[in-house]
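Each chain, written out:
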Number of protein chains: 2
Amino acid sequence: MNLVLLEPADFLNGDHVRLHGRRARHVKEIHRATIGRELRVGVINGKIGFGRVLQIDENALELTVRLQSDPLPPLPLHLILALPRPKVLNRTIAAAVSMGIKQIDLINAWRVEKAYWGSPRLSQENLRLQSILGLEQAGDTTLPIIRLHKLFGRFVRKESLELAGKLAVLAHPGTEATAPSSVTKPVVLAIGPEGGFIDREVNTFRDIGFTEVNLGPRILRVETALAFLVGRLSDRFQRPEDSIRS
Amino acid sequence: MNLVLLEPADFLNGDHVRLHGRRARHVKEIHRATIGRELRVGVINGKIGFGRVLQIDENALELTVRLQSDPLPPLPLHLILALPRPKVLNRTIAAAVSMGIKQIDLINAWRVEKAYWGSPRLSQENLRLQSILGLEQAGDTTLPIIRLHKLFGRFVRKESLELAGKLAVLAHPGTEATAPSSVTKPVVLAIGPEGGFIDREVNTFRDIGFTEVNLGPRILRVETALAFLVGRLSDRFQRPEDSIRS
């Protein structure tokens, strides 16, 4: 936890916050915070700053906060992800959010097992918790929008994906082209299920303007593939003038 | 498991293999293999091909194998990693190996907790198992060389790191420069512990020719940072002529 994320309901008044539960435990047990200690804090969908520990009791922790920085800029990358198996969903969402992704569409595909759609991990409550864990890791505050689409065709054809002015890439094993690097326009990135999208699905993506790219000769786990592609595709981050080239 | 990795001891004779334990269970329970089914196989540090299931019994599985392809080319990236906490070590090693990294040095640093060096996960047996899991995921066969260095200074100063003709980059939060993309020469990549290398350690890396780069404004988990940087730094993979540029 590189930032303690505050909810509006945590505020007792203007700059005075009381934390319970998971966050209070984490600050006490992992950060081993003592009274007077300063912690990095941020308000959900809001500013970032510091909180000074005022009081620690058995179940809660009180802080006085100063919020001076704007939220981090979002990564201009929209992720379309075939629903991964529940076991890897949590860490994939948290990893995506930790990299600054703010728009995630979880979609069905031929090789997505039907049972995955029944997982309790798809609850809005769990998706929000995983997003918060990703933000706390990254030091970010802006929650992503995560949507579920049980109908592949309806999503790809009818949800009028906004592709104008963007680079739309589909990670697809066996494709000849490698993923481009340091793309300067917004990216829409689609990643298939284990075993990949089937030909019909690939054709549908191609029809609406996606380019297939590979990730090299190796087959990567979804969370590895995601970070690999985000690192490759994303251009500079905050300061375009500082980029170095080899 | 996208490839069943075979040990020399698995061979009953020239092309006849008998598997026990974890691999036999995986092929039976996850692949639900039946007699006659073909599976992708490879020999440790050797060739890749197919195995046809000959016989399945309670504890074992027999295959006849044809090995026709050479091993995948290694990724020309040498990873130097401050020893991560045991909880994340396994998946970080497996992820590194799945991306084709063949040289991994796990090193000490000021912010590596001493207790991590006592973890049973650092046994050669466990590091080999995690490497095998990474190879089986990737469809690769060549084991990495993983070395442990409990003395930071000795490793960085005296192990005569081979940096000639290579790009040596140190992932360091707060640095101005972003990581370069699509580097065409071999890379030596150093990643610090949670909280980063301390100034003295950064200076030591700088003295021997490393350049510090950031990963953007967010703090990533080590396994996310690793895949992000490998995706960013690595140039083309197998077929230089097929790379596309945006």
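For every chain, the first residue of its written sequence is number 1, and the numbers climb from 1 along that sequence. Just so you know, chain letters begin at A and ligand numbers begin at 1, following the order they were written in. Per-residue local features are limited, in this predicted model, to residues with pLDDT of at least 70; the limit for side-chain atom pairs, both in listing and counting, is 80 or more; totals at the level of whole chains, interfaces and linings are taken over all residues.

Draft legend 1. Structural view of the overall build of chain A. Here a helix means four or more residues in a row that DSSP labels H or I, a strand means two or more in a row labelled E, and each is numbered from the N terminus. When you go through chain A residue by residue, the secondary structure sums to six helices and 12 strands. When its C-alpha atoms are laid out on the principal axes, chain A stretches across 60 × 45 × 30 Å. Note on burial: count the other C-beta atoms lying within 10 Å of the residue's C-beta; 20 or more is buried, 12 or fewer is exposed, in between is partly exposed, and C-beta positions come from the backbone. Across the 246 residues in chain A, those meeting the buried criterion constitute 42%. Think of it this way: build a C-beta for each residue from its backbone, and any pair within 7 Å is a contact. Contacts in chain A between residues at least 24 apart in sequence constitute 72% of all its contacts with a sequence separation of at least 6.

Draft legend 2. Representation of the pairing of strand E6 (residues 60–69) of chain B. For two strands to be treated as a pair, DSSP must find no fewer than two bridges joining them. Bridge analysis of strand E3 (residues 16–20) of chain B against E6 of chain B gives five bridges, and the strand direction is antiparallel. The residue of E6 of chain B that forms the bridge with His-16 of chain B is Thr-64 of chain B.

Draft legend 3. Expanded view of helix H1 (residues 21–29) of chain B. Residue and element names in this part refer to chain B. All of the buried residues in H1 are Arg-23, Ala-24 and Val-27. Mapping the buried residues of H1 onto a view down its axis gives an arc of 100°, with all of them on the same face. Set apart from the buried face of H1 by more than 90 degrees, the exposed residues are Gly-21 and Glu-29. Elements in contact with the buried residues of H1: strand E1 (4–6), E3, strand E4 (38–43) and E6. The arc refers to the directions leading from the helix axis to the C-beta atoms.

Draft legend 4. Just the nonpolar core, in detail. In this structure, Leu-189 and Leu-229 of chain A together with Leu-189 and Leu-229 of chain B are the most contacted members of the largest nonpolar core, which totals 132 residues. Every residue in contact with Leu-189 of chain A, bar those within four places of it in the chain, is listed here: Leu-77, Leu-79, Ile-80, Val-169, Leu-229 and Leu-233 of chain A. By our criterion, buried Ala, Val, Leu, Ile, Met, Phe, Trp, Tyr and Cys residues that link up through C-beta atoms within 7 Å make up a nonpolar core.

Draft legend 5. Layout of the domain arrangement of chain A. All names here are of chain A. Throughout, the edges of the domains are those of an automatic or database domain assignment. As assigned here, chain A comprises domain 1 (4–69) and domain 2 (77–233). Relative placement of domain 1 and domain 2: their C-alpha centres are 33 Å apart. Contact residues are listed per partner, giving eight residues for domain 1 and seven residues for domain 2. Residue contributions to the side of domain 1 that touches domain 2 peak at three residues, all from strand E4 (residues 38–43).

Draft legend 6. Quick look at the environment of Ala-179 of chain A. Residue and element names in this part refer to chain A. With respect to the secondary-structure elements, Ala-179 resides in the loop between strand E10 (167–171) and strand E11 (187–191). When the C-alpha atoms of Ala-179 and Pro-76 are compared, they prove to be 17 Å apart, with 103 residues separating the residues in sequence. Aside from chain neighbours lying at most four places away, what touches Ala-179 is Val-169, Val-213, Leu-215, Leu-229, Arg-232 and Leu-233.

Draft legend 7. Broad picture of the packing of helix H2 (residues 86–98) of chain A against helix H6 (residues 222–233) of chain A. Residue and element names in this part refer to chain A. Each axis is a line fitted through C-alpha atoms, and for a helix only the stretch in contact is used; angles between axes span 0 to 180 degrees, taken between their N-to-C directions. At their nearest, the axes of H2 and H6 sit 9 Å apart, and the two run at 15° to each other. As far as their axial angle goes, H6 and H2 are roughly parallel. Regarding H2 and H6, the two cross each other, and that crossing is right-handed. Contacts between H2 and H6 involve Val-88, Arg-91, Thr-92, Ala-95 and Ala-96 from the former and Val-222, Glu-223, Leu-226 and Ala-227 from the latter. Should an angle fall under 35 degrees it is taken as roughly parallel, and over 145 as roughly antiparallel, whereas 65 to 115 is taken as roughly perpendicular and any remaining angle as oblique. Left-handed describes a crossing in which the near helix is turned anticlockwise from the far one by less than a right angle; the clockwise case is right-handed.

Draft legend 8. Structural context of the confidence of the model for chain A. Residue and element names in this part refer to chain A. pLDDT is a residue-level measure of predictor confidence that goes from 0 to 100. Looking at chain A, the pLDDT average stands at 90 and 94% of residues meet or exceed 70. Note on residues 237–246: pLDDT under 50 across the span, and 18 contacts to partners over four residues away in sequence or across chains. Overall fold confidence for the complex sits at a pTM of 0.92, while the interface term, ipTM, reaches 0.91.

Draft legend 9. Examining the packing of H6 of chain A against helix H6 (residues 222–233) of chain B more closely. At a closest axis distance of 6 Å, the pairing of H6 of chain A and H6 of chain B adopts a crossing angle of 50°. Between H6 of chain A and H6 of chain B, the angle falls in the class oblique. Handedness of the H6 of chain A/H6 of chain B crossing: right-handed. From H6 of chain A, Thr-224, Ala-227, Phe-228, Leu-229, Val-230, Gly-231 and Arg-232 of chain A reach across to H6 of chain B, where they touch Thr-224, Ala-227, Phe-228, Leu-229, Val-230, Gly-231 and Arg-232 of chain B. Polar here means any residue outside two lists: the nonpolar Ala, Val, Leu, Ile, Met, Phe, Trp, Tyr, Cys and Pro, and the charged Asp, Glu, Lys and Arg; Gly therefore counts as polar. In terms of residue class, the contact of H6 of chain A with H6 of chain B is built from eight nonpolar, four polar and two charged.

Draft legend 10. Spotlight on the sheet that holds strand E2 (residues 11–13) of chain B. Residues and elements named next belong to chain B. In space, the six strands of this open sheet follow the order E1-E4-E5-E6-E3-E2, with mixed pairing throughout. At either margin of the open sheet sits one strand with a lone partner, and together these are E1 and E2. Neighbour to neighbour, the strand axes of the sheet diverge by 40° on average, direction disregarded. Set on the sheet, H1 makes contact with E1, E3, E4, strand E5 (48–56) and E6; between it and E3 the angle comes to about 95°.

Draft legend 11. Region of the structure containing the environment of Gly-216 of chain A. Residues and elements named next belong to chain A. Here Gly-216 is to be found in the loop between strand E12 (211–213) and H6. Using a count of 23 C-beta atoms within 10 Å as the deciding quantity, one classes Gly-216 as buried. In sequence terms Gly-216 and Thr-175 are 41 residues apart; their C-alpha atoms lie 9.1 Å from each other.

Draft legend 12. Region of the structure containing H6 of chain A. For H6 of chain A, which comprises 12 residues, the first-to-last C-alpha distance of 16 Å matches the rise-based estimate of 16 Å (1.5 Å per residue) to within 8%. Buried within H6 of chain A we find Val-222, Glu-223, Thr-224, Ala-225, Leu-226, Ala-227, Phe-228, Leu-229, Val-230, Gly-231, Arg-232 and Leu-233 of chain A. Buried-residue contacts for H6 of chain A involve strand E7 (77–82), H2, E10 and E11 of chain A together with helix H2 (86–98) and H6 of chain B. Take the residue count of a helix, subtract one, and multiply by 1.5 Å to get its expected span.

Draft legend 13. Just the environment of Gln-103 of chain A, in detail. Residues and elements named next belong to chain A. Relative to the helices and strands, Gln-103 resides in strand E8 (residues 103–107). Gln-103 sits in the partly exposed class, given 18 other C-beta atoms within 10 Å. Sequence separation of Gln-103 and Thr-224 is 121 residues, and the distance between their C-alpha atoms is 19 Å. Ignoring anything within four residues of it in the chain, the contact list for Gln-103 reads His-78, Leu-79, Pro-144 and Ile-145.

Draft legend 14. The arrangement of the sheet that holds strand E12 (residues 211–213) of chain B in detail. Residue and element names in this part refer to chain B. Pairing is parallel across the open sheet formed by six strands, whose spatial order is E9-E8-E7-E11-E10-E12. With one partner strand each, in any of the chains shown, strand E9 (145–149) and E12 form the two edges of the open sheet. On average, each strand axis in the sheet is tilted by 20° relative to the strand beside it, whichever way the strands run. Sheet topology note: the strand E7 (residues 77–82)/strand E11 (residues 187–191) ladder contains five bridges and is parallel.

Draft legend 15. Focus on unusual backbone geometry. Although it is not a glycine, Asn-45 of chain A sits at a positive phi angle of roughly 60°. Relative to the helices and strands, Asn-45 of chain A is located in the loop between E4 and strand E5 (48–56). Taking the C-beta count within 10 Å as the criterion, Asn-45 of chain A has 12 such neighbours and is therefore assigned exposed. The phi dihedral of Arg-32 of chain B is positive, around 50°, even though this residue is not glycine.

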